[in-house]
Number of protein chains: 2
Amino acid sequence: MKIYAQTLKRKIINIFKKHNLDHKHSKISAEAIIKAELVGAPSHGITRVKMYCERLKRKLINNNPKIKIKEITKSVSLVDGDNSIGFVAGDIAIKQAIKNAKSTGIGIVAVKNSGHYGLSSFFAEQAVKRNMLVFCFTNAPPALAPHGAIKKLFGTNPICFGSPTGSKIPFILDTSVSVTNRGKIRFAAKLGKKISKNAALDKYGNPTTDANKALAGVQLPIAGFRGSGLAWMVDILSGVLTGANHGGKVKDPFDDFSGPQNIGHLFITLKSNLFLKNYNQRIKQNIKRVKKLPKIKGVKEIMYPGQSKYRRYKKNMNKTINIPNEILKDLNHL
Amino acid sequence: MKIYAQTLKRKIINIFKKHNLDHKHSKISAEAIIKAELVGAPSHGITRVKMYCERLKRKLINNNPKIKIKEITKSVSLVDGDNSIGFVAGDIAIKQAIKNAKSTGIGIVAVKNSGHYGLSSFFAEQAVKRNMLVFCFTNAPPALAPHGAIKKLFGTNPICFGSPTGSKIPFILDTSVSVTNRGKIRFAAKLGKKISKNAALDKYGNPTTDANKALAGVQLPIAGFRGSGLAWMVDILSGVLTGANHGGKVKDPFDDFSGPQNIGHLFITLKSNLFLKNYNQRIKQNIKRVKKLPKIKGVKEIMYPGQSKYRRYKKNMNKTINIPNEILKDLNHL
């Protein structure tokens, strides 16, 4: 069924409010979910609403969290999310990282006791809009087998980096270190679609394109040892350093109801003019040089990370969103 | 020919001194070069000595640099390498980053007007030994085609991350974002060996395993758009942000004698106990969990990044190094 983004947003706000989330938290969460749909990342969109509600119902997401911000230095803060919905702890933390960087040039904010916070890129965007470079790291439930192992332990642990571009479209790289992101596999499973080759093994260690078998088995990291090492790095930064769960202990929000997820995040923000005055001019030139390279046949334009998502967002924001009937049924039920 | 590491180090120190590098700079450089041999990364070892000397002779590497350290805040510094040999600018900068983190918990040090500095992991090691987490970024001469382009522009731009482990062997991920690192391809070309499939295209855009054709063509990033985006991120952090060359303008040290390289680096250091007191205990537990996973048939032990290199170093440090005759001839000539 097709439905306008604004209508859908109101619907989701109401669903969250029915689950005792206050208006502000419901709004922050609904906005992130709708935006994921609009940028073309439905795996982080409305398909997750049912899961969030289930965890709210079971009090595994705290609908009335006492989120604490501890000032360690003027640049460094630690946020204890008190098991709030991840969107909210993430939002408070990135705002703190921006504040710290405004005052000292740099901000480093760790978050513990948080949950799945959607797309890292939305947090990165907030910092980039204030002329900052930014890293966002988060860990996630076990999905990837470390290099050499046949059992999953690391999450798909995205690396997200953002930079101003001197134009209104930010540079935002937001890449999981798995061949395919887990949300996409879940989405494929929900719709009965196949996943790409080389993305996963079934539980016996055989390659599979069946989304359900992949979910029961292990996903593969990009580039073998390299991707496995990057996933490990993100787990250390988000989990070991912050006080959150790590080393395979982050709970799967969809099927582990034994306790809160306790995901960790780490945000690093840097003023773009920390070392020189003409950052925007330099990054513009950098992008221009890449864009004017000779292209592979069939490629019209070399895009920088974040550019396609931004264009899809602008194109889709006043249009209707197509919701699979399966998922609409869930929403109406909620 | 086989030669003891210590003997070879003295030989290289003397070669550099003959090229008017002072004793201290010669020693820092020779140590990094020998260590690359000992950890099993000969692509960053003695095969490069001739190139460094050629650039010293042509005054493209400054043998008497006035390296400046600008204090921006107690946490943030900018190093102007004055076209010193990269090892030296890098060494000064990582020591500054460690000093900053000791005093404020975090250090961010940018470097401009530097050159090829060898393996990032040696800089990371210095910080990890002082109980810090660390990122080292550096850009490099054009080698990789951005996703969608048929011409090289990004360097192999390594991502290096280090963490204490609670044991004497540090966790150090040091991974280029190319399928194969450029040094390895150069080394293969020198010895007339083939390179692995899928690592490069020749100048006509066809896959090749011929090292010389690969050097004339383009190398491929890991994981397509993702690897390309990571290479771009490293170029922004090392080049655009710092004031160094970027966007394909870093000069190739082997065959571009039109000026200094002006490579840029960025080091970020964080005290490991910034957010909690038991970091070492937590990281130990993290590594233990990964290590005890069931393994792929034939894998004896799951290794963390840096572990194999460390073991090779310990094993090789008192043994002889095997130098290809080709390279020995070059050294004797110098």
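Residues numbered from 1 in each chain as written. Chains lettered and ligands numbered in written order. Predicted model: local features only at pLDDT ≥ 70, side-chain atom pairs only at ≥ 80, totals over all residues.

K.L.:
An account of the overall build of chain A is needed here, citing residue identities and associated values.
P.N.:
On a plain count of helices and strands, chain A comes out with 11 helices and 11 strands. A compact globule built from 334 residues should have a C-alpha radius of gyration of about 20 Å, and chain A, at 20 Å, falls within 12% of that. Overall size of chain A, expressed as C-alpha extent along the three principal axes, is 55 × 50 × 45 Å. Residues counted as buried form 58% of the 334 residues belonging to chain A. Put simply, 63% of the contacts in chain A that link residues at least 6 apart link residues at least 24 apart. (Helix = DSSP H or I, 4+ residues; strand = E, 2+ residues; numbered from the N terminus. Rg over C-alpha atoms; globule rule 2.2 N^0.38 Å. Buried ≥ 20, exposed ≤ 12 C-beta atoms within 10 Å, placed from the backbone. Contact = placed C-beta atoms within 7 Å.)

K.L.:
Can you lay out the relation of the copies chain A and chain B for me, pointing to particular residues and giving the numbers?
P.N.:
Turning chain A through 180° and shifting it by 0.0 Å along the axis lays it on chain B, with an RMSD of 0.0 Å. Expressed as an axis order, the relation between the two copies is that of a two-fold axis. Taking the C-alpha atom as reference, chain A places Ala223(A) closest to the rotation axis, 3.3 Å from it. Here 100% of the contact residues of chain A are again contact residues in chain B; the copies associate through an equivalent surface. (Least-squares fit on C-alpha atoms with pLDDT ≥ 70 in both.)

K.L.:
Which residues make up unusual backbone geometry, and what values do they have?
P.N.:
All names here are of chain B. In the Ramachandran plot, asparagine 157 falls in the positive-phi region, its phi being about 30° despite a non-glycine side chain. Here asparagine 157 is to be found in the loop between strand E5 (132-138) and strand E6 (159-163). The exposure class assigned to asparagine 157 is buried, which follows from the 26 C-beta atoms found within 10 Å.

K.L.:
Could you give an account of the sheet that holds strand E4 (residues 106-114) of chain A, naming the residues involved and the relevant values?
P.N.:
As summarised here, the arrangement of the 7 strands in space is E2-E3-E4-E10-E5-E6-E7 (chain A), forming an open sheet in which the pairing is mixed. Of all the strands in the sheet, just strand E2 (68-71) and strand E7 (171-175) of chain A have a single pairing partner and so form its edges. With strand direction ignored, the average angle separating the axes of adjacent strands in the sheet is 10°. With 4 bridges joining them, strand E5 (residues 132-138) of chain A and strand E6 (residues 159-163) of chain A adopt antiparallel strand pairing. Looking at E6(A), one finds that Phe135(A) is bridged to Phe161(A). Each of E6 and E7 of chain A touches helix H8 (residues 225-240) of chain B; the most contacted strand, E7(A), lies at about 135° to it. (Pairing = 2+ DSSP bridges. Axes fitted to C-alpha atoms, helices over the stretch in contact; angles between N-to-C directions.)

K.L.:
Tell me about the domain arrangement of chain A, residues and numbers included.
P.N.:
All names here are of chain A. Here chain A is partitioned into domain 1 (1-57 + 304-334) and domain 2 (64-178 + 221-275). Relative to domain 2, the C-alpha centre of domain 1 lies at a distance of 21 Å. Each side of the interface is counted separately: domain 1 has 18 residues, and domain 2 has 15 residues. Top contributing element to the side of domain 1 that touches domain 2 by residue count: helix H2 (residues 23-38), with 7 residues. Taken together, the residues that form the side of domain 1 that touches domain 2 break down as 11 nonpolar, 5 polar and 2 charged. (Domains from an automatic or database assignment. Nonpolar A, V, L, I, M, F, W, Y, C, P; charged D, E, K, R; others polar.)

K.L.:
Lay out the interface of chain A and chain B in plain terms, naming residues and giving numbers.
P.N.:
Across the boundary between the two partners, chain A contributes 54 residues, which contact 54 residues of chain B. Going through the elements one at a time, strand E3 (76-80), E4, E6, E7, helix H8 (225-240) and helix H9 (279-291) of chain A are the ones with two or more residues in the side of chain A that touches chain B. The element contributing the most residues to the side of chain A that touches chain B is H9(A), with 7 residues.

K.L.:
Describe the confidence of the model for chain A, and please don't skip the residues or the numbers.
P.N.:
Mean pLDDT for chain A: 94, with 100% of residues reaching 70 or above. Scored as a whole, the predicted complex attains pTM 0.95, and scored at its interfaces, ipTM 0.95. (pLDDT = per-residue confidence, 0-100.)

K.L.:
Describe the pairing of E4(A), listing the residues and the values that go with them.
P.N.:
Residue and element names in this part refer to chain A. The buried fraction of E4 amounts to 9 of the 9 residues, a majority that puts the element mostly inside the structure. In terms of strand pairing, E3 meets E4 through 5 bridges, oriented parallel. What sits directly across from leucine 78, in E4, is alanine 110. By the bridge criterion, 7 bridges tie E4 to strand E10 (residues 263-271) in an arrangement that is antiparallel. Among the inter-strand pairings, valine 109 is bridged to a residue of E10, identified as phenylalanine 267.

K.L.:
Explain the environment of Lys315(A) to me, and be specific about the residues and the numbers.
P.N.:
Residues and elements named next belong to chain A. Residue placement: lysine 315 occurs in helix H10 (residues 307-316). Residue classification places lysine 315 among the exposed positions, given that 11 C-beta atoms sit within 10 Å. For the pair lysine 315 and glutamine 285, spaced 30 residues apart in the sequence, the C-alpha separation amounts to 27 Å.

K.L.:
Run through the environment of Gly155(B), naming residues and quoting values.
P.N.:
All names here are of chain B. Along the polypeptide, glycine 155 turns up in the loop between E5 and E6. Given 29 C-beta atoms within a 10 Å radius, glycine 155 is considered buried. As a C-alpha pair, glycine 155 and threonine 208 span 53 residues in sequence and 19 Å in three-dimensional space. Among residues more than four places away in sequence, those in contact with glycine 155 are Asn139, Ala140, Pro141, Pro142, Ala143 and Val250.

K.L.:
Just give me the short version of the sheet that holds strand E7 (residues 171-175) of chain B, but keep the residues and values in it.
P.N.:
Residues and elements named next belong to chain B. The strand order across the open sheet built from 7 strands is E2-E3-E4-E10-E5-E6-E7, with neighbouring strands paired in mixed fashion. On the outer flanks of this sheet lie strand E2 (68-71) and E7, each paired with one strand and no other. Along the sheet, successive strands turn relative to each other by an average axial angle of 10°, direction set aside. The pairing of E5 with strand E10 (residues 263-271) spans 7 bridges and is classified as antiparallel. In the sheet register, leucine 133 faces E10, and the bridge partner there is leucine 270. Helix H5 (residues 120-129) rests against E5, E6, E7 and E10 of the sheet, and its axis sits at about 160° to E5.

K.L.:
Requested: an account of the nonpolar core, with residues and values cited.
P.N.:
Val134(A), Phe267(A), Val134(B) and Phe267(B) are the most contacted members of the largest nonpolar core, which totals 209 residues. Viewed by domain, this core spans two of them, domain 1 (1-57 + 304-334) and domain 2 (64-178 + 221-275) of chain A, each represented by three or more residues. If we skip the residues at most four places from it in the chain, Phe267(A) touches Ala93(A), Ile94(A), Ala97(A), Val109(A), Phe123(A), Val134(A), Phe135(A) and Cys136(A). (Core = buried A, V, L, I, M, F, W, Y, C linked by C-beta atoms within 7 Å.)

K.L.:
If you had to explain the pairing of E3(A) to someone new, which residues and values would you point to?
P.N.:
Residues and elements named next belong to chain A. Buried residues dominate E3, accounting for 5 of its 5 residues. By the alternation rule, side chains of E3 split into Val76, Leu78 and Asp80 and Ser77 and Val79, which are all buried. Where E2 and E3 come together, 4 bridges link them in antiparallel fashion. The residue bridging lysine 70 from the neighbouring strand is leucine 78, located in E3. For the crossover that starts at E3, traverses helix H4 (residues 86-104) and ends in the parallel E4, the hand is right-handed. (Right-handed = clockwise from strand over helix to strand, strands pointing away.)

K.L.:
Describe helix H1 (residues 5-18) of chain A, naming the residues involved and giving the relevant values.
P.N.:
All names here are of chain A. Over its 14 residues, H1 extends 20 Å from the first C-alpha to the last, a length consistent with the 20 Å expected when each residue adds 1.5 Å. Restricting attention to buried positions, one finds in H1 the residues Leu8, Ile12, Ile13, Ile15 and Phe16. The buried residues of H1 all sit within an arc of 160° when viewed along its axis, so they share a single face. Opposite the buried face of H1, by more than 90 degrees, sit the exposed residues Gln6, Thr7 and Lys18. Buried residues along H1 sit against strand E1 (2-4), H2, helix H3 (49-57), strand E11 (320-322) and helix H11 (325-333). One or two steps after H1, the chain reaches asparagine 20, where phi turns positive at roughly 70°. (Expected span 1.5 Å × (residues − 1). Arc of directions from axis to C-beta.)

K.L.:
Could you give me a rundown of the packing of H4(A) against helix H5 (residues 120-129) of chain A, with the residues and numbers involved?
P.N.:
All names here are of chain A. Where H4 contacts H5, the axes come no closer than 10 Å and their chain directions differ by 25°. Relative to H5, the element H4 is oriented roughly parallel. Considering only the axes of H4 and H5, their crossing is right-handed. Side by side, H4 and H5 meet where Gly90, Ile94, Ala97 and Ile98 of the first sit next to Phe123, Gln126 and Ala127 of the second. In terms of residue class, the contact of H4 with H5 is built from 5 nonpolar, 2 polar and no charged. (Parallel < 35°, antiparallel > 145°, perpendicular 65-115°, else oblique. Left-handed = near helix turned anticlockwise from the far one by under 90°.)

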